[in-house]
Amino acid sequence: MTHIDYKRRQFLQYAALGTLATTLPGFALAESRGLNQTPNNLFKADVEIALTAQTADIPILPGAHTHVFKYHGKLLKGPQTALKELPGYLGPILNFEQGQKVRIYFYNQLPEPCVTHWHGMHVPQVMDGHPMYAIYRGEQYVYEFEVKNPTGTNWYHSHTHELTATQVYQGLAGLITISDEAERKLDLPSGEFDIPLVIQDRSFTNGNQLRYILNRHQRMRGFLGDTILVNGQEISAIPVKTRAYRMRILNGSNSRIYKLGWEDGTPMIAIGTDGGLLEKPETLPYIMLAPAERVELWVDFSGRKPGSDLMLQNLAYQGSASHRGGGMGGGMHQDMGRMDMMDGASAQNEVISIAKFHIIEQISDSPKLPVELVPMRRLTTQDISNPDKTVPIAIGMRHMAFQLNGKTFDMQGHTELEKIPVNSVQKIKIYHDNRGMGGGMRGGRGGMGMMMAMPHPIHLHGQQFQILSRTQINQGNVYDTIKDGFINSGWKDTALVMPGEEIEIIKPFKDFTGLFLYHCHNLEHEDMGMMRNFFVS
Ligand code: C2O
Ligand code: CU
Ligand code: CU
């Protein structure tokens, strides 16, 4: 991690905070610094956790320990199940229940600023981990929120200005599960039959230390590693019995997009997405999972032979080195593939083994897959507060930097079109803005054209949304290799926008006012400024 010019970044950060603090009344720097240092005694917490971001040396690969950043957790109050440590570098799994009031004492023991975001959770602005609330070494920030989300799998990670990619890369992330009444009624596989799978790609030096990038091209593409870690470790095989399991998969990678599938062609059965359980299970041949996206699977090992294995893989998909020409702009992707090969990372389109499940024991009974999961109200255009207005999220690029709505990140800044009335429901259109690109997306070879043809996982803070439509203008062979892997029926907080694709979503903005981020969850893109604020008021 020696490539990071931390002093310079810190300088930039101070500069940004200093100049922007006065742009928004009520969010002055003086108010954001020093905020929430102590608990609010009126907030009666059911669960209290101390969470410390610190450096640690832990075993990840055989041999030398790896120097990482790690969230260390300690349960101060509440049920013992609320916090579960994992081996590996990830933070503990936080197990919450809907309706619980949670207080988290966050301590920063890192040699750089840090802030923690509860990705997927519907919490007030000051509890959301906006980078303006970063704290410095030795400081404390007290997060207090009620768990409003329904059952599902969320996560937490650092969200520090221009340091999110490197901090998450070094280990600052962990899972959050939420349970509720509706889930308990379903009696889904639990305990040892409920398996978390956080998938991340990393690279290591010969001495087992984390190796990051970046030359400028790698940074534009995002980091791709050559080693897959599961739950913060290199694992050999996960032992399972011949019955059904619930698997909570999070793509915690910086920029790698997975096409998840079973080695033997068994279909994938999804029971949940980012925001919780689906209405009913959905069967897909494979599932596309971009950074920050979650999917919950129902995996039934019944009928498999003890001693046999089943491998979860990243399947090959086109849109990279192996493909020439064709709908999605093969030329550009060819260049991307070549770049991948040049820096030794596994290309996005390769078959990669992710996790091997080893059947260790035959057992006779297994729960049956429920036909219905949880009721879900479909949002339609009828629900939109202002049917004449669509909020744009235009993906663009200028001066070799990705932008959203024509701008890069501005700590507390927002434009007129980024103002959202509180308690409204908005239709939002996420699309590629090709103006000034000379049609680069279709015709370009390398350079700008290549970059415009990148996929971007777009994430919105605050409440979960629903996907209304996906439109792909570049139909053809390339898109055909991924198009059956999208789950559009559930609650989402991150949507993978492929090149040539336009996605319409409906999102409620209830309960909380203030600044809520929307950004690309390719963490290198985010740190380069592909992030903006919505101002909800
Ligand atoms: Cu997972 Cu704004 O982030
Ligand atoms: Cu988030
Ligand atoms: Cu991006």
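Conventions used here
- Residues numbered from 1 in each chain as written.
- Chains lettered and ligands numbered in written order.
- Predicted model: local features only at pLDDT ≥ 70, side-chain atom pairs only at ≥ 80, totals over all residues.
- Heavy atoms only, no water.
- Phe/Tyr/Trp six-rings, centres within 6.5 Å; stacked < 30°, edge-to-face > 60°.
- Helix = DSSP H or I, 4+ residues; strand = E, 2+ residues; numbered from the N terminus.
- Buried < 20%, exposed > 50% of the residue type's maximum accessible area, 1.4 Å probe, protein only.
- Donors = N, O, S within 2.8 Å, 3.2 Å for Na, K, Ca; no water.
- pLDDT = per-residue confidence, 0-100.
- Contact = heavy atoms within 4.5 Å.
- Salt bridge = Lys/Arg side-chain N within 4 Å of Asp/Glu carboxyl O.
- Core = buried A, V, L, I, M, F, W, Y, C linked by side-chain atoms within 4.5 Å.

### Here we look at the packing of aromatic side chains
The geometry of an aromatic ring pair is captured by two quantities: the separation of the ring centres and the angle between the planes.
Then, number 1: Scanning the model with the defined rule gives 18 aromatic pairs in all.
Then, number 2: Residues Y71 and F106 carry aromatic rings whose centres are separated by 6.3 Å and whose planes lie at 55° to one another, so their mutual orientation is tilted. Taken together, the positions of Y71 in strand β2 (residues 66-77) and F106 in strand β5 (residues 101-108) put the pair 35 residues apart, joining distant regions of the chain. Each of the two residues, Y71 as well as F106, counts as buried.
Then, number 3: Where W118 meets Y143, the ring centres are 5.1 Å apart and the plane angle is 85°; that geometry is what we call edge-to-face. With a gap of 25 residues between them, W118 in strand β6 (residues 116-119) and Y143 in strand β7 (residues 140-146) connect regions that are remote in the sequence.

### Some details on the coordination of the copper ion (ligand 2)
Then, number 1: The coordination sphere of the copper ion (ligand 2), as far as protein atoms go, consists of H117 (NE2) and H459 (NE2), spread over 1.9 Å. Residue H117 is located in strand β6, and its partner H459 is located in strand β25 (residues 456-460); the two are separated by 342 residues in the primary sequence.

### Digging into the coordination of the copper ion (ligand 3)
Then, number 1: Note on the copper ion (ligand 3): its protein donors are H456 (ND1), C520 (SG) and H525 (ND1). The metal-donor distances range over 2.0 to 2.2 Å.
Then, number 2: Each donor residue of the copper ion (ligand 3) lies on the same chain, and together they follow the pattern H-x63-C-x4-H. Pair noted here: H456 is in strand β25 and C520 is in strand β29 (residues 514-520), with a separation of 64 residues, a long-range link.
Then, number 3: Given the relative accessible area of 0%, C520 is considered buried.

### Focus: the confidence of the model for the protein chain
Then, number 1: Overall, the predicted model of the protein chain reaches an average pLDDT of 88, with 85% of residues at or above 70.
Then, number 2: Counting interchain partners and residues more than four positions distant, the pLDDT-below-50 stretch residues 320-342 has 58 contacts.
Then, number 3: Across residues 436-447 the pLDDT falls below 50, and counting only partners more than four positions away or on other chains, this stretch makes 26 contacts in the model.

### Let's talk about the pattern of salt bridges
Then, number 1: In total, this model carries 27 salt bridges according to the counting rule given.
Then, number 2: Here E183 ties to R248 by a salt bridge, and the two come within 4.0 Å at their closest N and O atoms. A residue pair is termed long-range when its members are at least 10 positions apart, and E183 in helix α4 (residues 181-186) and R248 in strand β13 (residues 244-251) qualify at 65 residues. Accessibility assignment for this pair places E183 and R248 in one class, buried.
Then, number 3: Across the salt bridge formed by D309 and K356, the nearest N and O atoms sit 3.8 Å from each other.

### A word on the nonpolar core
Then, number 1: Formed by 40 residues in total, the largest nonpolar core has its most connected members in M247, L312 and F357.
Then, number 2: If one sorts the elements of this core by residue count, strand β20 (residues 352-361) sits on top with 5 residues.
Then, number 3: The contact partners of F357, leaving out residues within four places of it in the chain, are L197, I238, V240, M247, W262, F301, S308, D309, L310 and L312.
Then, number 4: Counting 38 residues, the second-largest nonpolar core is a separate cluster that includes F69, F106, I178 and L515.

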